[in-house]
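Structural features, examined
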Amino acid sequence: MQNNILKDSIINTIINYIQEKSPRHAKKLRQRLGALDDDFFTRSEAFFSTYQNILKVDNKTLEYGTDNYLQMVNDYVFEQVRFMQSGVYSCTSFEDAYEQVYSKPEVMEYYMSGLIMSQFLWKHHYDMFRFFTDNLSAQSGNVQRYLEVGGGHGIHLLEAIRMLGNNVHYDLIDISESSIQLAKKFLNGQPVHYHLQDIYAYNVAEKYDFITMGEVLEHVEQPVKLLEKLHAMLHDSGRLFITVPGNAPAIDHIYLFHNQQHIIETAANAGFEVTKDLLLYSEDVSEQEAIEKKVPFLYGAFLKKK
């Protein structure tokens with residue numbers, strides 16, 4: 001499937017543009033994405049086509065999004081170097097993240113745009129998305145109420161609606177107005193109830209059968225407390241799906257997860273146990289090398305109550 005990346009596609013256009021700005025990074029993307037199957041290119045084409053249309057409304061282009069992505073990558077490289085030297089993230093509290101990132105519209109604009117692009121430009125992001133979709137079908141028929149915490153661009157929720165159907169009650173909660181508006185654009189009229197609210201202040205009369213929370217735990221100071229909140233909102237027979245990066249010093253990451261076991265123990269302290277999980281590294285290296293060099297990883301797991 002190596003030649004798939006060379007066919008006429010939006011993602012190929014994006015990588016060609018990156019080639020002009022960062023040849024080394026473009027080469028890495030081609031190496032990691034080129035061997036993926038046709039499903040990847042079908043999904044990425046639909047995703048980037050939607051994002052392209054969203055950008056057009058604001059008179060922006062995919063080149064604008066790609067420039068933002070490259071700026072995010074540069075930030076990430078800088079943070080990684082500093083992390084390797086210090087062993088800690090730049091932000092150690094929400095106040096730090098707010099001061100350095102969330103309170104600065106110019107930073108948030110390129111950062112959020114860059115993260116959108118990474119959904120299909122970073123192989124481990126796509127592989128984790130496939131892990132979610134490949135296993136979500138097992139929940140079909142068991143879900144009447146579905147919650148997404150921190151919706152991002154809404155791709156997981158969109159896939160859930162496609163697989164579980166329109167008879168399910170869907171909620172999305174986020175503390176960011178801009179994130180909710182972005183999710184609305186990607187979801188484009190899907191039957192979702194949106195809540196601009198802090199999860200700790202969110203109370204519901206009925207518990208959920210399934211909760212999804214992608215890349216949120218690293219943004220809070222007390223991940224056990226957040227998981228305990230979700231535990232209380234979930235039916236005893238319900239399931240929680242989480243994704244959590246570790247050794248990943250992004251500009252707004254607060255809580256440092258050192259390895260897979262660290263996350264599993266955190267979930268266990270909140271009353272959860274793993275039913276199925278996946279560990280992915282951001283680089284093509286052996287597990288031993290990844291551990292020694294603190295290569296960033298992404299961990300995903302389906303959890304149930306103990």
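Below: a short report on this structure. (Residues numbered from 1 in each chain as written. Predicted model: local features only at pLDDT ≥ 70, side-chain atom pairs only at ≥ 80, totals over all residues. Heavy atoms only, no water.)

1. Focus: the overall build of the protein chain
Regarding its fold elements, the protein chain presents twelve helices and seven strands. In terms of C-alpha radius of gyration, the protein chain reaches 19 Å, essentially the compact-globule figure of 19 Å for 306 residues. For the protein chain, the spread of C-alpha atoms along the three principal axes comes to 55 × 45 × 40 Å. Going through the 306 residues of the protein chain one by one, you find that 52% of them count as buried. Long-range pairs, those at least 24 residues apart, make up 74% of the contacts in the protein chain between residues at least 6 apart in sequence. As displayed, the protein chain has an accessible area near 14,200 Å², and 48% of this comes from carbon and sulfur atoms. Here the protein chain carries 28 positive and 40 negative side-chain charges, and the mean point of each set is 2 Å from the other. (Helix = DSSP H or I, 4+ residues; strand = E, 2+ residues; numbered from the N terminus. Rg over C-alpha atoms; globule rule 2.2 N^0.38 Å. Buried < 20%, exposed > 50% of the residue type's maximum accessible area, 1.4 Å probe, protein only. Contact = heavy atoms within 4.5 Å. Areas by Shrake-Rupley, 256 points an atom, 1.4 Å probe, with all protein chains shown as cover. Lys, Arg positive; Asp, Glu negative; His and termini not counted. Charge placed at Lys NZ, Arg CZ, Asp CG, Glu CD.)

2. A short note on the packing of aromatic side chains
Within the structure shown, the criterion is met by 24 aromatic pairs. A centroid spacing of 4.8 Å and a plane angle of 75° characterise the contact between F40 and Y126, whose relative ring orientation is edge-to-face. In this pair, F40 is assigned in helix α3 (residues 38-57) and Y126 in helix α7 (residues 123-136), connecting sequence segments 86 residues apart. What makes F40 buried here is its relative accessible area of 0%. Here the aromatic rings of F131 and F302 are separated by 5.5 Å at their centres, their planes lie at 65°, and the arrangement is edge-to-face. Taken together, the residues F131 in helix α7 and F302 in strand β7 (residues 297-305) connect sequence positions 171 residues apart. Ring-pair connections join several aromatic residues into one group, and the members of that group are F40, F41, F47, F48, Y51, F120, Y126, F129 and F186. Across the ring face of Y194, the terminal group of K184 is positioned such that the distance to the ring centre comes to 5.1 Å. Here the basic side chain of K294 rests over the ring of F83, its NZ or CZ set 5.6 Å away from the ring centre. (Phe/Tyr/Trp six-rings, centres within 6.5 Å; stacked < 30°, edge-to-face > 60°. Lys NZ or Arg CZ within 6 Å of the ring centre and 35° of its normal.)

3. Regarding the sheet that holds β7
Spatially, the seven strands line up as an open sheet ordered β3-β2-β1-β4-β5-β7-β6, and their pairing is mixed. In this open sheet, the two edge strands, each paired with only one partner strand, are β3 (192-196) and β6 (272-281). The average angle at which neighbouring strand axes cross in this sheet is 15°, direction not considered. Pairing between strand β2 (residues 169-174) and β3: five bridges, direction parallel. Across the sheet, residue Y170 finds its bridge partner in β3, namely V192. (Pairing = 2+ DSSP bridges. Axes fitted to C-alpha atoms, helices over the stretch in contact; angles between N-to-C directions.)

4. Details of the nonpolar core
Of all hydrophobic cores here, the largest spans 39 residues; its most connected members are F48, Y69 and L121. When contributions to this core are tallied by element, the ones reaching two or more residues are α1 (10-21), α2 (23-33), α3, α4 (62-86), α6 (105-121), α7 and α9 (177-187). Sequence-distant contacts of Y69, defined by excluding residues within four places in its chain, comprise I18, H25, L29, G114, M117, S118, L121 and W122. Formed by 31 residues, the second largest nonpolar core is a distinct cluster that contains L227, A267, F297 and A301. (Core = buried A, V, L, I, M, F, W, Y, C linked by side-chain atoms within 4.5 Å.)

5. Topic: α7
Along its 14 residues, α7 runs 20 Å from first to last C-alpha, staying within 8% of the 20 Å computed at 1.5 Å per residue. Taken across its 14 residues, α7 has eleven buried, putting it largely inside the fold. All of the buried residues in α7 are H124, H125, Y126, D127, M128, F129, F131, F132, T133, N135 and L136. (Expected span 1.5 Å × (residues − 1).)

6. Here we look at the environment of T42
If you trace the backbone, T42 turns up in helix α3. Expressed as a C-alpha distance, the spacing of T42 and S9, which sit 33 residues apart in the sequence, is 9.4 Å.

7. Some remarks on unusual backbone geometry
With a phi close to 60°, N59 is a non-glycine residue in the positive phi region. The phi torsion at E215 lies on the positive side, around 50°, for a residue other than glycine. Assignment of secondary structure puts E215 in the loop between β4 (208-214) and α10 (223-233).

8. A look at the pattern of salt bridges
Summed over the entire model, instances satisfying the criterion amount to 15 salt bridges. With a shortest N-O distance of 2.8 Å, E289 and K293 are connected by a salt bridge. A relative accessible area of 28% places E289 in the partly exposed class. (Salt bridge = Lys/Arg side-chain N within 4 Å of Asp/Glu carboxyl O.)

9. Observations regarding a nonpolar patch on the surface
A cluster of nonpolar side chains, namely F94, Y98 and I175, defines an oily patch on the protein surface of about 320 Å² accessible area. Since its relative accessible area comes to 35%, F94 is described here as partly exposed. (Patch = residues over 30% accessible without salt bridge, like charges linked within 9 Å, V, L, I, M, F, W, Y side chains within 5 Å.)

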